[in-house]
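Reading the structure
Each chain is listed here by its residues.
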Amino acid sequence: MPLGAYLTLAALVFAIGLFGVLTRRNAVGILLGIELMLNAVNINLVAFGRFHADLAGVIFTLFTIAITVAEVAVGLAIVIVIFRVRRTIDADHLDLLRG
Amino acid sequence: MTAEMLAFAGVAVVLLASSLGVVLTPNLFHAVLYLAVALVSTGVVFLLLDAPFLFGAQLLLYAGGVVTIVVFAIMLTERLVGQSIRQTSRYLINGALVSAAMFVGVVGFLVQMPPAGPRPPWPGDLTAAVGRALVGAFAVPVELLAVLLVIALLGALYFARSES
């Protein structure tokens, strides 16, 4: 398959993830959308690295995977704390910092 | 139609369908299961791109670790609230418009891109090369990553500790 096919697939997954981030009310649902977007970026990195025979794409993907795990752990911990305090994880109701 | 094209088409359909499931299903738990399918099929895309090591890392870290953590979080919050959390969506049309515009913008760049040649062969064993690079040129970033993971673990523990 040509490089463009992989990039188009990644762009589609990214668009779907963006749609999830924009439309979900639930904070965990928003995090799931972010996961999809990060995955799309990983596909891009590996595809570019493969088609240029460059190892950096694979290495960067390993790094983003590890950082994503850390991000999810902290993000969900924050969600649980917010839930304890506010009894909701509806992002529309979390407007404590609204000016 | 070659076997690679068939495999790519199949995995693309599974990936896109499960991604749509993640953002559209009202049941949060089902959304996480769809996410697991999407993550595994992303790993299969890595396999198609001749990166079997990344497929393993994707399965272990993403499909194993992330999905487990999210399931735990959902179960904790549902236990606290005492009822199943339905997740609704809002601004569906606006979100679809923004996402479609983003996709069209990216594809606009892809169309202008000069056609890339066929993929060059990898010089030697990819997994061995990744291992050597991780302890060679990328040794310092890997150590920093280890520090980051420790910090993230401590931060998560600090946030989620009990009040007493």
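If you're wondering where the values come from, they're calculated on a predicted model, not measured in any experiment.

**Examining the overall build of chain B**
- Within chain B, the regular secondary structure consists of six helices and zero strands.
- Reading the helices (α) and strands (β) of chain B from amino to carboxyl end gives α-α-α-α-α-α.
- Over its C-alpha atoms chain B spans a radius of gyration of 20 Å, topping by over 25% the 15 Å that the globule rule assigns to 164 residues.
- Principal-axis analysis of the C-alpha atoms places the extent of chain B at approximately 60 × 45 × 30 Å.
- A buried classification covers 21% of the 164 residues belonging to chain B.

**Some remarks on the overall build of chain A**
- Scanning chain A from terminus to terminus reveals three helices and zero strands.
- Secondary structure elements in chain A, listed N-terminal to C-terminal, are α-α-α.
- Taken over C-alpha atoms, the radius of gyration comes to 17 Å for chain A, far larger than the 13 Å a tight globule of 99 residues would show.
- Principal-axis analysis of the C-alpha atoms gives chain A an extent of 50 × 25 × 20 Å.
- Each of the 99 residues in chain A was classed as buried or not, and the buried ones make up 57%.
- For chain A, long-range pairs separated by at least 24 residues make up 42% of all intrachain contacts whose partners lie at least 6 apart in sequence.

**Focus on the interface of chain B and chain A**
- Across the contact, 74 residues belong to chain B and 58 residues belong to chain A.
- At the level of secondary structure, the elements contributing two or more residues to the side of chain B that touches chain A comprise α1 (3-24), α2 (28-48), α3 (52-81), α4 (92-112), α5 (126-135) and α6 (139-160) of chain B.
- In terms of residue count, the dominant contributor to the side of chain B that touches chain A is α3 of chain B (14 residues).
- Here the residues of the side of chain B that touches chain A are counted per class, giving 59 nonpolar, eleven polar and four charged.

**Overview of α6 of chain B**
- The terminal C-alpha atoms of α6 of chain B, which comprises 22 residues, lie 32 Å apart, in line with the 32 Å expected from a rise of 1.5 Å per residue.
- With two of its 22 residues buried, α6 of chain B lies for the most part at the surface.

**Focus on the domain arrangement of chain B**
- Structurally, chain B comprises domain 1 (3-90) and domain 2 (124-164).
- Of note, the centres of domain 1 of chain B and domain 2 of chain B, computed from C-alpha atoms alone, are 23 Å apart.

**Description of the environment of Ala-133 of chain B**
- Of note, Ala-133 of chain B is situated in helix α5.
- Spatially, the C-alpha atoms of Ala-133 of chain B and Tyr-62 of chain B are 22 Å apart, while their sequence positions differ by 71 residues.

**What to know about the environment of Gly-20 of chain A**
- Summarising the element assignment, Gly-20 of chain A is placed in helix α1 (residues 3-23).
- Separated by ten residues in sequence, Gly-20 of chain A and Ala-10 of chain A place their C-alpha atoms 15 Å apart.

**Notes on the packing of helix α2 (residues 27-51) of chain A against helix α3 (residues 56-86) of chain A**
Residue and element names in this part refer to chain A.
- It is at 9 Å that the axes of α2 and α3 come closest, and there the two elements cross at 175°. Taken together, the axes of α2 and α3 lie roughly antiparallel to each other. Residues Ala-27, Val-28, Leu-31, Leu-38, Val-41, Asn-42, Leu-45, Val-46, Phe-48, Gly-49 and Arg-50 of α2 pack against Ala-56, Gly-57, Val-58, Phe-60, Thr-61, Thr-64, Ile-65, Thr-68, Val-72, Gly-75, Leu-76 and Val-79 of α3.
- Looking at side-chain class alone, the contact of α2 with α3 contains 15 nonpolar, seven polar and one charged residues.

**Observations concerning unusual backbone geometry**
- Although it is not a glycine, Ala-53 of chain A sits at a positive phi angle of roughly 50°.
- With respect to the element layout, Ala-53 of chain A can be found in the loop between α2 and α3.
- Accessibility expressed as a C-beta count within 10 Å gives 12 for Ala-53 of chain A, which makes it exposed.
- Look at Asp-50 of chain B: it is not a glycine, yet its phi comes out positive at around 60°.
- Within the element layout of this structure, Asp-50 of chain B appears in the loop between α2 and α3.
- Of the residues examined, Asp-50 of chain B has 14 C-beta atoms within 10 Å and is grouped as partly exposed.

**Observations regarding the nonpolar core**
- Among the nonpolar cores identified, the biggest contains 62 residues, and Ala-10, Val-13, Val-28, Val-46 and Leu-76 of chain A together with Leu-35 of chain B are the most heavily contacted of them.
- Those elements giving two or more residues to this core turn out to be α1, α2 and α3 of chain A together with α1, α2, α3 and α6 of chain B.
- For this core, the element with the most residues is α1 of chain A, which contributes 15 residues.
- Once residues lying within four places of it in the same chain are set aside, the contact partners of Leu-35 of chain B are Leu-32 and Glu-35 of chain A together with Val-22 and Val-67 of chain B.

Rules of the game
- Note on numbering: residues in each chain are counted from 1, in written sequence order.
- All chains are assigned letters beginning at A, and all ligands numbers beginning at 1, according to the order in which they are written.
- Reporting in this predicted model follows two pLDDT cut-offs: at least 70 for local features of residues, and 80 or more for side-chain atom pairs to be given and counted; totals over whole chains, interfaces and linings ignore these cut-offs and use all residues.
- Runs of E in the DSSP output that reach at least two residues are strands. Runs of H or I that reach at least four are helices, and both are numbered from the N terminus.
- It is over C-alpha atoms that the radius of gyration is taken, and the globule rule equals 2.2 Å times the number of residues to the power 0.38.
- Here the C-beta atoms are placed from the backbone, and a residue counts as buried if at least 20 other C-beta atoms lie within 10 Å of its own, exposed if 12 or fewer do, and partly exposed otherwise.
- The contact criterion used here is simple: two residues whose C-beta atoms, placed from the backbone, lie within 7 Å are in contact.
- All residues other than Ala, Val, Leu, Ile, Met, Phe, Trp, Tyr, Cys, Pro, Asp, Glu, Lys and Arg, Gly among them, are scored as polar; the first ten of these are nonpolar and the last four charged.
- A helix is expected to span 1.5 Å multiplied by its residue count minus one.
- The split into domains, and so the bounds of each, comes from an automatic or database assignment of domains.
- Orientation is described by axes fitted as lines to C-alpha atoms, over the contacting stretch for helices, and by angles from 0 to 180 degrees between their N-to-C directions.
- For classification purposes, an angle smaller than 35 degrees is called roughly parallel, one larger than 145 roughly antiparallel, one from 65 to 115 roughly perpendicular, and anything else oblique.
- Buried Ala, Val, Leu, Ile, Met, Phe, Trp, Tyr and Cys residues whose C-beta atoms connect them within 7 Å together make up a nonpolar core.

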